[in-house]
Amino acid sequence: MDDAVHPLDDPRRRIPRTDALLAHPRVAAAVSSLSAGVVKKVIRAVQARARRGEIAPEAVVPELLASLDSRRPASLTPVLNATGVIVHTNLGRAPLSESARAAVAEASGYTDLEFDLATGARSRRGAGARSALLEACPAAEDALVVNNGAAALLLAATAFAGHSAGDLEAVSVPDGAPFAHAAEGMTPASRLHTRVSLQESGCVGERRVPTPPPAASSPPGPREILLSRGEFVEIGAGFRLSDLMESAGARIREVGTTNRTHLDDYARALTPATGCILKVHTSNFRVEGFTAEADLSALADLAHAHGVPLVVDLGSGLLEPEPLLPDEPDAATALAAGADVVIASGDKLLGGPQAGILLGRAPVIAALSRHPLARAVRADKLALAALEATLTAADAPVRSALHTDPDALRARTQRLAETLAQRLSAGPHAPAGQGTGAYVPVRQGTGAHGTHVLGADVQRAGAGATPQPQPAAPEADVPEQLTLAVVPHDGRVGGGGGTGVPLPGWALALPEAVAGPLRTGTPAVVGRVHEGRCLIDLRCVPEPEDAGLLAALAAALLELHASAGEAAAGPVHGSAGDGSAEP
């Protein structure tokens, strides 16, 4: 009983009350941005820690303020993408341009989204984005924007081959053959119209097109989508395009083989049950060697000869050819070849927001826009605003990163390495070249890749001591914790684009163990971990962010060295160098 705590002496009685904490000026200010409910939840969490004895009652207020200061209305954390991958799906794909960000901010309130200010009448939704798309891709007669690329494909599959395909209004292929049945009694013969160029010869290029079969009753229910076996694509998280289309009720009919699919493979598979022919760009893999695929213009002729639409899913979002990516398909070329609908993503090589873009012939796009599913997958006003601004402005970060000059990237990376070496000598919070009794002599040399920083040595002295020049440590003597090197590094397009195409550049190579502290620091920095190193590629890091990146790198490296046991390790060394091996 003598050891029992008297109720009046229980330290939990000193835990501040909720109403008292809410009255604190900084807590009251937080309510305006986080809401009262969120702030109360944070208060209860801190009080609970004090009741469990994890923190002292007197620490409740400081802990609460720290929690509120680090809390944001949204949980998404901004990061610096130092991986060298331009369209990084895990990091949100394309970053928006300054113009697009401004457009999103302006559109976040009330707008004339579906309202004509001049007449006071209702107007077409997304008219500005549509006009911008048609101006950027003149080969398209019309455009429709939905919420992402998968939604665009789902809409096309549902309309042409899904459960409701029979309800799609009749629209015509070039020269007048209808895609879909306007009424139940319409015969397949009406959709087996042969284009003038094929009526007499029955051939496209060197391959003959079989004569359309005799008219037969159109089978009820879902129709077939013809898809090459070599184009069954699975993207991230196990998502398969074939599963998406089958969820709409469409039946997938495989044609050809994995490595070779010819025009007559499609021709033999065409039946009155065919809803459309689909061509999918294999954006995240390549099949090399003994391969073949049908020419797009020949495939369009075949599709139109049999009265079915040709749908081309590009994925990557190029509207016109890109010289750096000669094998990457683009919308203008596909439409010129005869595609009826081209599908692309807005947040990949186009450099805009998440959006599914459908470009094509006016009657086809009009029919898709009137389909009931189009309402469910339509884009919101923020995406439409960002897309329009991306198309009309010239400051998309994706384009800048794609066309980064390797020499300029190397010079910028070299400056970062040298400044970082200086910062390590001064500590993580002091300006470069000032303060903690440390010195970094940098010597220049010439290696396989030209002039570069070979080494730098940091000698710690007591607080307030005068820095003294020290001889640069031999490379073998520099501890791994603070070893830097500028190395060649190929960037990548990412996001299912430019597969296998290297983007020559340079990166700052750091110890692999620094990757974790960089990710959890402020700002959060995500580098590429490869072959035992953490590579910091500046290709996708906006140059105005270099100061914040520098501070994050210095803090993470010094934290890494401290955790390795500074006392036992002795003097701290920093080295900036240039390696010649490809990572």
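Structural data are supplied above this passage.
This section reports on the structure supplied with the text. Computed from a prediction, not measured in an experiment: that's the story for all the values here. (Residues numbered from 1 in each chain as written. Predicted model: local features only at pLDDT ≥ 70, side-chain atom pairs only at ≥ 80, totals over all residues. Heavy atoms only, no water.)

## Regarding the overall build of the protein
Scanning the protein from N- to C-terminus turns up 20 helices and 17 strands. Per-residue burial over the protein gives 47% buried out of 583 residues. Residue pairs at least 24 apart in sequence account for 72% of intrachain contacts in the protein once pairs closer than 6 positions are excluded. Total accessible area on the protein stands at roughly 27,400 Å², and carbon and sulfur atoms take up 53% of it. (Helix = DSSP H or I, 4+ residues; strand = E, 2+ residues; numbered from the N terminus. Buried < 20%, exposed > 50% of the residue type's maximum accessible area, 1.4 Å probe, protein only. Contact = heavy atoms within 4.5 Å. Areas by Shrake-Rupley, 256 points an atom, 1.4 Å probe, with all protein chains shown as cover.)

## Focus on unusual backbone geometry
Going from threonine 522 to proline 523, the amide bond is cis rather than trans, its omega being 0°. Mapped onto the elements of the fold, proline 523 is located in the loop between α18 (515-520) and β15 (524-530). Unusually for a residue other than glycine, serine 35 sits at a positive phi of about 80°. Mapped onto the elements, serine 35 comes out in the loop between α2 (25-34) and α3 (36-51). On the basis of relative accessible area, serine 35 is assigned to the partly exposed category, the value being 35%. If you check the backbone angles, arginine 93 has positive phi at about 60° while not being a glycine. For arginine 93, the position within the fold is in the loop between β1 (79-82) and α5 (98-107).

## Thoughts on the packing of α5 against helix α15 (residues 381-392)
In contact at an axis separation of 8 Å, α5 and α15 are set at 145° when each is read in the N-to-C sense. Note that α5 runs across α15; the crossing there is right-handed. Of α15, the residues touching α5 (which contributes Ser99, Ala100, Ala103, Val104 and Ala107) are Lys381, Leu382, Ala385, Ala386, Ala389 and Thr390. In the contact of α5 with α15, the residues fall into eight nonpolar, two polar and one charged. (Axes fitted to C-alpha atoms, helices over the stretch in contact; angles between N-to-C directions. Left-handed = near helix turned anticlockwise from the far one by under 90°. Nonpolar A, V, L, I, M, F, W, Y, C, P; charged D, E, K, R; others polar.)

## Here's the deal with the nonpolar core
Of all hydrophobic cores here, the largest spans 42 residues; its most connected members are Leu133, Ile277 and Leu359. Element by element, the count of residues in this core is highest for helix α11 (residues 296-305), at six residues. Setting aside anything within four residues of it in sequence, one finds isoleucine 277 in contact with Leu226, Tyr266, Leu270, Leu299, Ala303, Val308, Pro309, Leu310 and Val311. Leu227, Met245, Ala250 and Leu368 belong to the second largest nonpolar core, which has 33 residues in total. (Core = buried A, V, L, I, M, F, W, Y, C linked by side-chain atoms within 4.5 Å.)

## Here we look at a positive patch on the surface
On the surface, Lys40, Lys41, Arg44 and Arg71 cluster together into a positively charged patch. Among the structural elements, arginine 71 can be located in the loop between α4 (60-70) and β1. Given a relative accessible area of 39%, arginine 71 falls into the partly exposed group. (Patch = residues over 30% accessible without salt bridge, like charges linked within 9 Å, V, L, I, M, F, W, Y side chains within 5 Å. Salt bridge = Lys/Arg side-chain N within 4 Å of Asp/Glu carboxyl O. Lys, Arg positive; Asp, Glu negative; His and termini not counted. Charge placed at Lys NZ, Arg CZ, Asp CG, Glu CD.)

## Description of the packing of aromatic side chains
Counted according to the given criterion, the structure contains zero aromatic pairs. Directly above the aromatic system of tryptophan 506 lies the positively charged group of arginine 410, at a separation of 4.4 Å from the ring centroid. (Phe/Tyr/Trp six-rings, centres within 6.5 Å; stacked < 30°, edge-to-face > 60°. Lys NZ or Arg CZ within 6 Å of the ring centre and 35° of its normal.)

## A look at the environment of leucine 420
With respect to the element layout, leucine 420 can be found in helix α17 (residues 406-426). Considered as a pair, leucine 420 and leucine 549 are 129 residues apart in the sequence and their alpha carbons are 9.8 Å apart. Apart from the residues lying within four places of it in its own chain, the contact partners of leucine 420 are Leu484, Leu508, Leu550, Leu553, Ala554 and Leu557.

## Side note on the pattern of salt bridges
Enumeration according to the criterion identifies 24 salt bridges in this entry. Among the salt bridges present, the one from aspartate 142 reaches arginine 124, with a minimum N-O distance of 3.7 Å. In this pair, aspartate 142 is assigned in strand β2 (residues 142-146) and arginine 124 in the loop between α5 and α6 (127-136), connecting sequence segments 18 residues apart. You can call aspartate 142 buried: its relative accessible area is 7%. Linked by salt bridges that have partners in common, Arg49, Arg52, Glu54 and Glu63 make up one network.

## What to know about the sheet that holds β2
Strand order in the open sheet made by the seven strands is β2-β10-β9-β8-β7-β5-β6, with mixed pairing throughout. Each end of this open sheet is capped by a strand with a single partner; those strands are β2 and β6 (251-255). The sheet shows a mean angle of 25° between the axes of neighbouring strands, taken without regard to direction. Two elements, β2 and strand β10 (residues 356-360), share five bridges in a ladder whose sense is antiparallel. Residue aspartate 142 lies in a different strand from β10, and its bridge partner there is glycine 360. The sheet strands contacting α11 are β7 (274-280) and β8 (310-315), and the helix crosses β8 at an angle near 145°. Packed on one face of the sheet, helix α13 (residues 362-369) meets β2, β9 (341-345) and β10 and runs near 30° to β2. (Pairing = 2+ DSSP bridges.)

## Considering the pairing of β15
Counting buried positions along β15 gives five out of seven residues, so the element sits mostly inside the fold. Judged from the four bridges that link them, β1 and β15 form a sheet pairing that is parallel. Across the sheet, alanine 82 pairs through a bridge with glycine 527, a residue of β15. Strand direction decides the pairing type here: β15 and strand β16 (residues 533-536), joined by three bridges, are antiparallel. Residue pairing for β16: histidine 530 is matched across the bridge by arginine 533. The antiparallel hairpin formed by β15 and β16 contains two residues in its connecting segment, where glutamate 531 sits at a positive phi of about 50°.

## Section: the packing of α2 against α4
One can describe the packing of α2 onto α4 by two numbers: an axis separation of 11 Å at closest approach and a directional angle of 25°. What the angle tells us is that α2 and α4 run roughly parallel. In this structure, α2 meets α4 at a crossing whose hand is left-handed. Along the contact surface, α2 presents Arg26, Val27, Ala30 and Leu34, while α4 presents Leu64, Leu65, Leu68 and Asp69. Among the residues making up the contact of α2 with α4, the classes are represented as six nonpolar, no polar and two charged. (Parallel < 35°, antiparallel > 145°, perpendicular 65-115°, else oblique.)

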